[in-house]
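Structural description and commentary
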Amino acid sequence: MNAIVEAKNVTKIYGTTDDTQVVALNEVNMNIFEGDFITIMGPSGAGKSTLLNNLSTIDLPTKGSVKINGTSVKAMGEVEIGHFRYQNLGFIFQEFNLLATLRVFENIAVPLTLANVKKSEIKEKVRKIAKKLEIEEILNKYPDACSGGQRQRVAIARALVTNPKLIVADEPTGNLDSKNSHDLLALLKKMNNEEGVTILMVTHDSMIASYSKKMVYIKDGVIDGIVEKEELNQRDYFYKIVDMNSRESQNLFFR
Amino acid sequence: MGTFKLAVKLLFKDFNKSAFYCGSLLFSSAVIFVFFNMMANPVYGGATTFAESANSFGSSLSIIVVIIAMVMVFFANSFYLISKSKELAITTISGGNVLSLAGFLFTQNAIIMLIAIPLGLTIGYFINPVINTAVYDVMGVSANSWAIYPIGIIYTIISITTETVWIVLIDTGYAYRSELNDLLTAERTMKVKDERTMKFPSLVYYILFFGPLVLILSNKVLVDVYVFYALIGSCGVIGIMKFSLPKILSWFQNRFCLAKKHMLIAIGNLNHSLKQSSSLIIVNVATFSFLACYLCNFFNQTNYLVMILMACGVLSFLMAVSFVYKIMIEASARIASFKHLRMLGYISKDIKKIVRIEIIGLGIVIIGLPLLYIVAIFYKSVEASIISFSFALSIILGYIAVFLVSCVISYFVYCNLVMKGRGR
């Protein structure tokens, strides 16, 4: 199977002088295949978001390479990156990142407009995805007039409306209550299972991570462990994730 | 650390946040000084005593100039308050109450004013003879260009004191009204609330704005009455800007821009900016309509005409600077939005085009709405031979030129703000 994203020896260093330099990622190797649902977990400052940003064209590694569909991200110019993003990627963030000056309808339509889709088709696709996410009644509202849960659904609708090859989600449930969080994850899981959408997600919540197929645990900028769901049920997978996350604490108790 | 020490430390540590505010105070002080001195100058027919000045033509003109100078300071102060909101939030979190927030703002304001106002007055003192010499040459008059008039100084002190008290009151009010959460998000919030107690249909606003225009054009020339018409028209602009135009733009956006990647974003931004700039546009319509009436009324009285032309120049400049401020406030609230657009696939070229469309739209409204009244007043006056066609044309072109320059500056300031630290 061909990898959608191939990360080879990815190192990210912040700061310019020796005394201010921080190694956020150190020689990380990772492949993402079509249909994957991968969660990245780890303690604060471990490099989770840095890894996500480097894998999704938002940031560039200091050393090493990231290839998406066989093309090196470093070799892409601004125009190519722009095209690549609206053709292949869908972003979902904790802060929703909706455009406050556009109504919900237009917010969802933006990636389609970028892809030069016809007006009639844009209207049809926006309505279809809005129906799927149960946000039809707020299409004419501005994001400020919507609840947190509704705004996150709008962000998801915008991320999915172009049928992207890869959905990138950074703490997508960070601003949601428990019910909305599980609704969102159930939806992402359904899309992954039924439509084969590839998902790469950062979370600090083990319960949320248990919806994925694979959990990559990162610590001090390196991959410290991987848990795969395979034939496990969600509960057992959840316990394995909790176990991985609490390994350091356990070592502390049983030292 | 006490509030005073914290305020002083933060002010000097990040002085560029207050630099625009300081600059606008400096500039407005210079303008107020020069203008009041001109109004008291007998060469221009100015009043040299309080009794004369109470009924003089120059006093009414001065009031308009001073109000606009204060409007500019108000915009600069809003920009300053927004940039300081996080510092105020930190003071609140650290246990500060309304009084300490007010103290924080008062301390910073006092320092800025102590720097800006004396410097502005000094600059005004040195600019005054330069302007006088140029105008005396045009008028063919020989007089002392450096002359300073006590009545001008007294009015300058009164105006600057009023301005200072006003700013302190506004800032104290801001400290009193703002919730912690509002302070934390003030730099990136973009909410506009419809706070009308009575809602009128859009037609009412259109009648209020276009009705006086029709009356100007269809009746025989009555320049004195035009001031009253312009006042009614300005009331119409309030509704058009806040409620009618946004509806039209939303319809236009939905009907024609959905498949156009630049227009879709730019029209949404323009809609928001127009709502936010409504007060500036209303002041613009009222000010320039009044000045157009004054120009027509005193076209044959050279000394008054010189004063009005000076007022036109100063006011155009002040309004244009206020426009740039407004754009800066808007752009700084949109930095995150433009960052999101990049993540969606927009590139630098697209972002510049979006900004360009928005600025062109804003420019059309800001220049166009007052221009309708100016052109109507001048058209009737030229037709009745009250003013010459070439004079009317040069005033109109001058007015357009000043605002076009401010649009160009706004475009670069806007792009600079939203493209800063853009990454990939």
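Computed from a predicted structure; not experimentally measured. In this numbering scheme, every chain counts its residues from 1 along its sequence in written order. All chains are assigned letters beginning at A, and all ligands numbers beginning at 1, according to the order in which they are written. Restriction of local features to residues with pLDDT of at least 70 applies here, the model being predicted, together with a cutoff of 80 or more for giving and counting side-chain atom pairs; totals for whole chains, interfaces and linings are based on all residues.

**Examining the overall build of chain B**
The way it works is that DSSP assigns letters per residue, a run of H or I at least four long becomes a helix, a run of E at least two long becomes a strand, and they are numbered from the N terminus. The helix and strand inventory of chain B stands at 15 helices and 0 strands. Only C-alpha atoms enter the radius of gyration; for comparison, a globular chain is expected to reach 2.2 Å times N to the power 0.38, where N is the number of residues. The C-alpha atoms of chain B give a radius of gyration of 23 Å, which matches the 22 Å a tight globule of 424 residues would have. Each of the three principal axes of chain B carries a C-alpha extent, and together these read 60 × 55 × 40 Å. Comment: burial labels come from other C-beta atoms within 10 Å of the residue's own C-beta, placed from the backbone, where a count of 20 or more is buried, 12 or fewer is exposed, and between is partly exposed. The burial tally for chain B puts 46% of its 424 residues in the buried class. For chain B, restricting intrachain contacts to residue pairs at least 6 apart in sequence, the fraction spanning at least 24 positions comes to 84%. Residues are defined as contacting one another if the C-beta atoms placed from their backbone atoms lie within 7 Å.

**Comments concerning the sheet that holds strand 10 (residues 222-228) of chain A**
Residue and element names in this part refer to chain A. Read from one edge of the open sheet, 6 strands run 6-7-8-3-9-10, paired in mixed fashion. Edge positions in the open sheet fall to strand 6 (89-93) and strand 10, since each of these has one partner strand only. Between one strand axis and the next, the sheet turns through 15° on average, direction left out of account. When DSSP finds at least two bridges between two strands, those strands are taken to pair. Relative to strand 8 (residues 198-202), strand 7 (residues 166-170) runs parallel, the two being bridged by 5 bridges. Bridge pairing in strand 8 places Val 168 opposite Leu 200. Angles here are taken between N-to-C directions and fall from 0 to 180 degrees, while the axes themselves are lines fitted to C-alpha atoms, restricted in helices to the stretch in contact. Those strands touched by helix 1 (residues 48-55) are strand 3 (37-41), strand 7, strand 8 and strand 9 (214-219), and its axis lies near 150° from that of strand 8.

**Overview of the sheet that holds strand 5 (residues 71-72) of chain A**
Residue and element names in this part refer to chain A. If you trace the 4 strands from one edge of the open sheet to the other, you get 2-1-4-5, paired in antiparallel fashion. The open sheet has two edge strands with one neighbour each: strand 2 (22-33) and strand 5. The sheet contact formed by strand 1 (residues 3-14) and strand 4 (residues 63-68) spans 5 bridges and is antiparallel. What sits directly across from Lys 8, in strand 4, is Ser 65.

**Some words on the pairing of strand 4 of chain A**
All names here are of chain A. Bridge count for strand 4 against strand 5 is 2 bridges, and the pairing is antiparallel. Residue pairing in the sheet places Ile 68 in a bridge with Thr 71 of strand 5. What sits between strand 4 and strand 5 in their antiparallel hairpin is a turn of 2 residues, with Asn 69 showing a positive phi close to 50°.

**Digging into the interface of chain A and chain B**
By a widely used convention, the size of an interface equals the accessible area lost when the partners come together. Every contact between the two is made by 28 residues of chain A and, on the other side, 21 residues of chain B. For the side of chain A that touches chain B, the secondary-structure elements that each account for two or more residues are helix 2 (78-88), helix 3 (104-114) and helix 4 (119-132) of chain A. Tallying contributions element by element places helix 2 of chain A first for the side of chain A that touches chain B, with 7 residues. Side-chain classes are defined by residue name, with Ala, Val, Leu, Ile, Met, Phe, Trp, Tyr, Cys and Pro counting as nonpolar, Asp, Glu, Lys and Arg as charged, and the others, Gly among them, as polar. When its residues are assigned to classes, the side of chain A that touches chain B shows 15 nonpolar, 6 polar and 7 charged.

**Focus: the domain arrangement of chain B**
Residues and elements named next belong to chain B. Each assigned domain of chain B is listed with its residue range as follows: domain 1 (1-187) and domain 2 (197-424). For the domain bounds, the source is a domain assignment made automatically or taken from a database. Between domain 1 and domain 2, the C-alpha centre-to-centre distance is 25 Å. Facing 22 residues of domain 1, the contacting portion of domain 2 comprises 23 residues. Secondary-structure elements contributing two or more residues to the side of domain 1 that touches domain 2 are helix 2 (16-39), helix 4 (57-93) and helix 5 (98-139). When residues of the side of domain 1 that touches domain 2 are assigned to their parent elements, the largest contribution, 14 residues, is made by helix 4.

**Regarding the nonpolar core**
Judged by nonpolar contacts, the single largest core of 199 residues is most densely connected at Ile 108 of chain A together with Ala 69, Leu 291, Ala 292 and Ile 377 of chain B. Here this core takes 17 residues from helix 4 of chain B, the largest share from any one element. Composition of this core by domain shows at least three residues from each of domain 1 (1-187) and domain 2 (197-424) of chain B. Apart from residues no more than four positions distant in its own chain, Ile 377 of chain B is found in contact with Ile 216, Tyr 226, Ser 289, Ala 292, Cys 293 and Cys 296 of chain B. A set of buried Ala, Val, Leu, Ile, Met, Phe, Trp, Tyr and Cys residues, joined through C-beta atoms within 7 Å, is what we mean by a nonpolar core.

**Describing the environment of Glu 87 of chain B**
All names here are of chain B. Assignment of secondary structure puts Glu 87 in helix 4. Of the residues examined, Glu 87 has 20 C-beta atoms within 10 Å and is grouped as buried. Glu 87 sits 14 residues away from Leu 101 along the chain, and the two C-alpha atoms are 9.6 Å apart.

**Notes on the environment of Ser 212 of chain A**
Residue and element names in this part refer to chain A. Its location among the elements puts Ser 212 in the loop between helix 7 (206-209) and strand 9. Taking C-alpha positions, Ser 212 is 23 Å from Val 10, a pair spaced 202 residues apart along the chain. Sequence-distant contacts of Ser 212, defined by excluding residues within four places in its chain, comprise Phe 37, Ile 38, Thr 39 and Met 201.

**With respect to the pairing of strand 6 of chain A**
Residues and elements named next belong to chain A. For strand 6, the buried fraction is high: 5 of the 5 residues fall into the buried class. Burial along strand 6 is two-sided: Leu 89, Phe 91 and Phe 93 facing one way and Gly 90 and Ile 92 facing the other are all buried. Where strand 6 lies against strand 7, 5 bridges are found, and the strand directions are parallel. Residue Gly 90 lies in a different strand from strand 7, and its bridge partner there is Ile 167.

**Considering unusual backbone geometry**
A negative phi angle characterises most non-glycine residues, just as the trans form characterises most peptide bonds. Residue and element names in this part refer to chain A. Unlike most non-glycine residues, Asn 9 shows phi in positive territory, near 50°. Summarising the element assignment, Asn 9 is placed in strand 1. Positive phi, normally seen in glycine, also occurs at Asn 69, with a value near 50°. As for its placement among the helices and strands, Asn 69 is situated in the loop between strand 4 and strand 5. For Asn 69, a count of 13 C-beta atoms within 10 Å puts it in the partly exposed group.

**Looking at the packing of helix 8 (residues 202-218) of chain B against helix 14 (residues 348-383) of chain B**
All names here are of chain B. Packing of helix 8 against helix 14 leaves a shortest axis separation of 9 Å and a crossing angle of 15°. By the angle between their axes, helix 8 is roughly parallel relative to helix 14. Where helix 8 crosses over helix 14, the handedness of that crossing is left-handed. For the pair helix 8 and helix 14, the contacting residues are Leu 213, Ile 216 and Leu 217 in the first and Leu 372, Tyr 373, Ala 376, Ile 377 and Lys 380 in the second. Orientation labels follow simple angle bins: below 35 degrees gives roughly parallel, above 145 gives roughly antiparallel, 65 to 115 gives roughly perpendicular, and whatever is left gives oblique. If you view the pair so one helix is near and one far, a crossing is left-handed when the near helix is turned anticlockwise from the far one by less than a right angle, and right-handed when it is turned clockwise.

**Quick look at helix 13 (residues 335-344) of chain B**
Taken as a whole, helix 13 of chain B has its buried residues at Ser 337, Phe 338, His 340, Leu 341, Arg 342 and Leu 344 of chain B. Buried-residue contacts for helix 13 of chain B involve helix 2 and helix 3 of chain A together with helix 10 (261-276), helix 14 and helix 15 (389-419) of chain B. Positioned one or two residues after helix 13 of chain B, Gly 345 of chain B has a phi angle of 125°, which is positive.

**Looking at the confidence of the model for chain A**
Regions with low pLDDT should not have their predicted coordinates read in detail. Per-residue pLDDT for chain A has a mean of 89; in total, 99% of the residues score no lower than 70. For every residue, the predictor reports its confidence as pLDDT, a number between 0 and 100. Of all the helices and strands in chain A, helix 9 (residues 247-253) of chain A carries the lowest mean pLDDT, 76, while strand 3 of chain A carries the highest, 95.

**Examining helix 2 of chain A**
Regarding helix 2 of chain A, the residues found buried are Gly 82, Arg 85 and Tyr 86 of chain A. Buried residues of helix 2 of chain A, viewed axially, fall in a sector of 85°; they line one side. Tucked into the core, helix 2 of chain A has its buried residues touching strand 6 and helix 3 of chain A together with helix 13 of chain B. Arc definition: directions from the helix axis to the C-beta atoms.

**A closer look at the confidence of the model for chain B**
Of all residues in chain B, 91% have pLDDT values of 70 or greater, and the mean over the chain is 84. Model confidence for the complex is summarised by a pTM of 0.83, with the ipTM given as 0.83.

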